[in-house]
Amino acid sequence: WWEEAKMRIRVLVINRKKNVYDISNAISSDIKYTTTRVGSASTISFDVIKSGQISFHEGDMVKIFVDKKLYIVCYIFAKSKKEDVISLTCYDLLRYMQYKQSYNFSKKTATQIIKQVANEFKIKLGNVADTTYILPDKIYEDKTLLDIVTDALMKTTVKTKKVYTLYDHAGKLTLKESSDMVSNYVLGNKSLATTYTYKTSIEESYNYVKLVKPNKKSGKGETYIAFDDEKIKKWGHLQFYKKVDENLNDAQIREMAKNYLKYYARTKRTLKLECMGVKEIRAGSVVLIDIPALGDIDLKKLLLIEKCTHTLSETQHTMSLEMNVIND
């Protein structure tokens, strides 16, 4: 029945004994594949009809091929059985970065941190972009590997204005800059999209930024302020507060405060788009969205995908995209 979708899908389970089971014909539901741009592993879920010699357990590897090309590598983490149907929940390689660890990094780039972590925990590496920016010295105590790497990438973005996405590409840890993830597709109400939901909000907006640098000698914090007077008059006082690394100098902290203000002192616009599936698009992709008269704006610009859910069914491939609309 997969042939009706004009897409050949093959699903293999490889258990710890290296036995391989082709379960393509036993799948009885849509395959849902969800990627999130920051801070979490991808999730893959589907149902299988238990029959014959098929045998799989928690920890087993799943490989999903689309049109003979390896599309997803993931691992079974949960299964539930109802009569003869087994529902599987799988995660990709980033799930194995949930280990907690402590590190003391000095004069490292985010790329170097990723490679060090991957080497220590035997995580396969794919193409890893060179972030070049040398981060301030940092001690991480009892943090997950994924939180550590995410923090390093966020600090890099604040400083360089370059956005990076860490993800599992067919079983290998990969890092790309957004400029290298631009799709050739245009999505809109005249191109592939079927419906959309658009929301504006100041629920997560701030117009007053207060950063505090601890001073161990004096026991008092040094305070740095940045604010947008017009937005305060418009919205009321919305304060963002954060303690910063004591190794940062005054110029670095003032720049950080300005960057936080620039990022947060605006109306948050979010767009959820339902459309025909394009298997190359994932969280972290940059796609041209063309929707005239979208609420209070006309939208025709490149947007960064924050969350993407692909649904592969018997007869079609669809996807649901979530993104932030930066307009001011």
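Residues numbered from 1 in each chain as written. Predicted model: local features only at pLDDT ≥ 70, side-chain atom pairs only at ≥ 80, totals over all residues. Heavy atoms only, no water.

With respect to a nonpolar patch on the surface
Taken together, the side chains of Y185, L192 and M276 present a nonpolar region at the surface, about 250 Å² in accessible area. Its location among the elements puts M276 in strand 18 (residues 268–276). Take M276: its relative accessible area is 36%, and that puts it in the partly exposed class. (Patch = residues over 30% accessible without salt bridge, like charges linked within 9 Å, V, L, I, M, F, W, Y side chains within 5 Å. Areas by Shrake-Rupley, 256 points an atom, 1.4 Å probe, with all protein chains shown as cover. Salt bridge = Lys/Arg side-chain N within 4 Å of Asp/Glu carboxyl O. Helix = DSSP H or I, 4+ residues; strand = E, 2+ residues; numbered from the N terminus. Buried < 20%, exposed > 50% of the residue type's maximum accessible area, 1.4 Å probe, protein only.)

So, helix 4 (residues 250–264)
Residues lying three or four places apart along an α-helix face the same way, a consequence of the helix completing one turn every 3.6 residues. Taking 1.5 Å of rise per residue, 15 residues should cover 21 Å, and helix 4 covers 21 Å from first to last C-alpha, within 8% of that figure. Along helix 4, the residues classified as buried are I253, M256, A257, N259, Y260 and L261. On its buried face, helix 4 is in contact with helix 2 (145–160), strand 15 (208–214), strand 16 (221–227) and strand 17 (239–243). The distance from a side-chain oxygen at the start of helix 4 to the backbone nitrogen of A251 is 3.2 Å, and the residue carrying that oxygen is N249. (Expected span 1.5 Å × (residues − 1). Contact = heavy atoms within 4.5 Å. Polar contact = N/O pair within 3.5 Å; in protein donor to acceptor, adjacent residues only side chain to side chain.)

With respect to the confidence of the model for the protein
Averaged over the protein, the pLDDT score is 91; the fraction of residues at 70 or greater is 97%. Mean pLDDT across the elements of the protein ranges from a minimum in strand 2 (residues 20–22), with 90, to a maximum in strand 3 (residues 31–36), with 97. Of the regions scoring below 50 in pLDDT, residues 1–5 engages in 16 contacts with residues more than four places distant in sequence or in other chains. (pLDDT = per-residue confidence, 0-100.)

Here's the deal with the side chain of D60
Structurally, D60 is set in the loop between strand 4 (43–49) and strand 5 (61–66). Although buried, D60 forms no salt bridge, and the nearest oppositely charged side chain, R16, lies 4.6 Å from it. In terms of polar contacts, D60 uses its side chain to reach the backbone amide nitrogen of R16, at 3.5 Å. Excluding its chain neighbours within four sequence positions, the residues that come into contact with D60 are V13, I14, N15, R16, C74, Y75 and I76. (Lys, Arg positive; Asp, Glu negative; His and termini not counted.)

What about the nonpolar core?
Among the nonpolar cores identified, the biggest contains 28 residues, and M97, I113, L153, L166 and L173 are the most heavily contacted of them. Elements with a minimum of two residues in this core: strand 6 (69–82), strand 8 (100–105), helix 1 (110–120), helix 2, strand 11 (164–169) and strand 12 (172–177). With sequence-adjacent residues up to four places away left out, L173 is seen in contact with L93, L94, M97, I114, I123, K124, L125, G126, N127, V128, L166 and Y167. Counting 26 residues, the second largest nonpolar core, distinct from the first, contains V11, Y21, Y33 and I72. (Core = buried A, V, L, I, M, F, W, Y, C linked by side-chain atoms within 4.5 Å.)

What to know about the packing of helix 1 against helix 2
Where helix 1 contacts helix 2, the axes come no closer than 9 Å and their chain directions differ by 165°. For the element pair helix 1 / helix 2, the angle class is roughly antiparallel. Relative to helix 2, helix 1 is oriented so that their crossing is left-handed. Between helix 1 and helix 2, the residues in contact are A110, I113, I114 and V117 and L145, I148, V149, A152, L153 and T156, respectively. For the contact of helix 1 with helix 2, the class distribution of residues is nine nonpolar, one polar and no charged. (Axes fitted to C-alpha atoms, helices over the stretch in contact; angles between N-to-C directions. Parallel < 35°, antiparallel > 145°, perpendicular 65-115°, else oblique. Left-handed = near helix turned anticlockwise from the far one by under 90°. Nonpolar A, V, L, I, M, F, W, Y, C, P; charged D, E, K, R; others polar.)

With respect to the sheet that holds strand 11
Read from one edge of the open sheet, three strands run 9-12-11, paired in mixed fashion. Among the strands making up the open sheet, the edge pair consists of strand 9 (125–128) and strand 11. Averaged over all pairs of adjacent strands, the angle between strand axes in this sheet comes to 20°, irrespective of strand direction. Where strand 11 and strand 12 come together, six bridges link them in antiparallel fashion. When the sheet's bridge partners are listed, Y167 is paired in strand 12 with T174. (Pairing = 2+ DSSP bridges.)

Quick word on the sheet that holds strand 15
Strand order in the open sheet made by the three strands is 16-15-17, with mixed pairing throughout. Two strands close off the open sheet at either side, each with one partner strand: strand 16 and strand 17. The sheet shows a mean angle of 15° between the axes of neighbouring strands, direction not considered. In this structure, strand 15 lies alongside strand 16, joined through seven bridges in antiparallel fashion. Counted as the bridge partner of V212 is T223 from strand 16. Contacts from helix 4 reach strand 15, strand 16 and strand 17, with the element oriented near 150° to strand 15.

Some remarks on the environment of V325
Relative to the assigned elements, V325 resides in strand 21 (residues 317–325). A relative accessible area of 2% means that V325 is categorised as buried. For the pair V325 and Y198, spaced 127 residues apart in the sequence, the C-alpha separation amounts to 9.3 Å. Those residues in contact with V325, other than ones at most four positions away along the chain, are R269, L271, I297, L299 and L303.

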